[in-house]
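Fold and geometry: a report
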Amino acid sequence: MAQDQQQTPAITTTPAFAVHRRERVLVRPAGPTPRETRRLSDIDNQTTLRRHMPSVFFYRRGAGDDDPADVIRRALGEALVPYYPLAGRLREVEDKKLVVDCTGDGVAFVEADADVRLAELEAAGGGPLMPPFGPWIDHLLCDEVRSGAGVLNCPLLFIQVTRLLCGGFVLALHRNHNIVDGTGQGYFLSAVAELARGGHPAPTTTAPPPWSRELLEARVPPRPPAFPHPVYDAAPSCIPPALAPPEGDMVARAFTFTRHDVAAIKGSLPTRRRGSAATTFEVLTAALWRAHTAALELPAHEEVRLAFAVGFRGVRELGLPAGYYGNVVLPSAMVTTAGELQASSLGDTVEMVREAKAAAVTAEYVRSTIDLLVLRGRPSMLAPANLLVVSDHRHLGLHRLDLGWGVPVYGGIATVFSGAMFLVAVRDGDGEEDAVAVPIMLPRPAMDRFVSELEKMVSPSLVDEHSSDDN
């Protein structure tokens, strides 16, 4: 990782700029679409997913004079013809089951102008653009969506396109997580991008992507869980009072791991584990969990949990068709004590991650989890204390979303969450495309310990790319 820049206070700043938003409009499908009601799957219906997830894409000025807001608005309308459920509205039926009324009401769209240049936003972070962006990111996200906002009877997508003084622009959106997962979002945005580049409407004869949500329904009747599911087991709060800081005492930072950093961590593993070809995800997840747990200084007897998202689109027995854009991710979890985790080796933790990941990618595990969700009334996986959630966004294609202005300077998640870490594909300081950024939020004293723990596993050249206080 690159030289630590956090030691220079002036590097992370908050750029002062104003944004003029035009009145929100609804972008409806550009052609006729079916008017019907469609049920979501029991995975879509998870309580944890009842939220809007923010993404942001920064683009430099292109060669032409096309207005990005006009181009994207047109492409959205055309893409919503085959993806017409995204133009509908969610409502609840029996037992709080979610359905989408395919009303064609459209997605929320806001056109805006900001008196700031892309170079100023890049300079504010002291390095490549990536989360945490600081409070200024709120100016670029549609302001109708706030934390804790409901998901019923409102647009499923909230989009803002902001033109910058330099001719670049920012595309920011909130997606309803019940209707589409990260990969599904990538499918839809890829369709929008293709239409934006091509300048012609989608043929009305194009078959809509498959719905098929009935394939991920609970069995009738649901069966008792055949596997342990510790991520859904509630536990009392175990964070020591000293580490439960008042609001405003949190710090968010992003750490960039180059291929050389990952190789250094892999090289520290015992030969037998190096020979088993641990993946970048397995190695980084294990290292991050160990550093996170050590940073919190939990008592040795306290339980700690790791959950990570496992996709199962490739499990043939489930019969999911190509192009399925619903939620196809479930959490796989491990539970141990803080003392046991710290007493074990990094290699042992890597093996734990690998085994948990392999166990989750089976049809029976998926069906058992779906049954559990229904039997337990869709418990939130965010309930247990001392839970770290890791989600790998590197393969969603967001960092390559070309709307006609080339690939974005940054494309991916827009917000850092406490208790969650996202692996995001970025370019490092040398322009390498296979670097991995991990935005993290922790109490301030814990963050210092987290950095120290990572340095032990990588090298003294650990980089903390940039940071922002969560005030």
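Residues numbered from 1 in each chain as written. Predicted model: local features only at pLDDT ≥ 70, side-chain atom pairs only at ≥ 80, totals over all residues. Heavy atoms only, no water.

**Brief notes about the confidence of the model for the chain**
Scored by pLDDT, the chain comes out at a mean of 85, with 85% of its residues at no less than 70. In the predicted structure, residues 1-12 sits below a pLDDT of 50 and forms 29 contacts with residues beyond four places in sequence or in another chain. Throughout residues 201-205 the model reports pLDDT below 50, and contacts reaching past four residues in sequence, or to other chains, amount to four contacts. (pLDDT = per-residue confidence, 0-100. Contact = heavy atoms within 4.5 Å.)

**Things to note about helix α1 (residues 68-79)**
Since the α-helix packs 3.6 residues into each turn, any two residues three or four apart lie on the same face. With twelve residues, α1 should reach 16 Å at 1.5 Å per residue; the first-to-last C-alpha distance of 16 Å fits that figure. For α1, the buried fraction is high: nine of the twelve residues fall into the buried class. When α1 is considered as a whole, its buried residues turn out to be Pro68, Ala69, Val71, Ile72, Ala75, Leu76, Gly77, Glu78 and Ala79. (Helix = DSSP H or I, 4+ residues; strand = E, 2+ residues; numbered from the N terminus. Expected span 1.5 Å × (residues − 1). Buried < 20%, exposed > 50% of the residue type's maximum accessible area, 1.4 Å probe, protein only.)

**A few points about the sheet that holds strand β3 (residues 37-39)**
Taking strand neighbours across the sheet as the criterion, the three strands line up as β3-β6-β5 in an open arrangement whose pairing is antiparallel. The sheet terminates laterally at β3 and β5 (89-92), the two strands that pair on one side only. Sheet twist, expressed as the mean angle between neighbouring strand axes with direction ignored, is 35°. Note that β3 and strand β6 (residues 98-101) share three bridges and pair antiparallel. In the strand pairing of β6, Arg39 is matched with Val99. (Pairing = 2+ DSSP bridges. Axes fitted to C-alpha atoms, helices over the stretch in contact; angles between N-to-C directions.)

**Structural notes on the nonpolar core**
With 46 residues, the main nonpolar core has Phe257, Phe308, Ile440 and Phe450 as its most contacted residues. Counting residues per element, this core draws most heavily on helix α6 (residues 280-296), at ten residues. Contacts of Phe450, omitting those with residues within four sequence positions, involve Phe255, Leu288, Ala291, His292, Ala295, Met421, Ile440 and Leu442. Core analysis: the second largest hydrophobic core is formed by 44 residues, Leu156, Val161, Leu189 and Leu195 among them. (Core = buried A, V, L, I, M, F, W, Y, C linked by side-chain atoms within 4.5 Å.)

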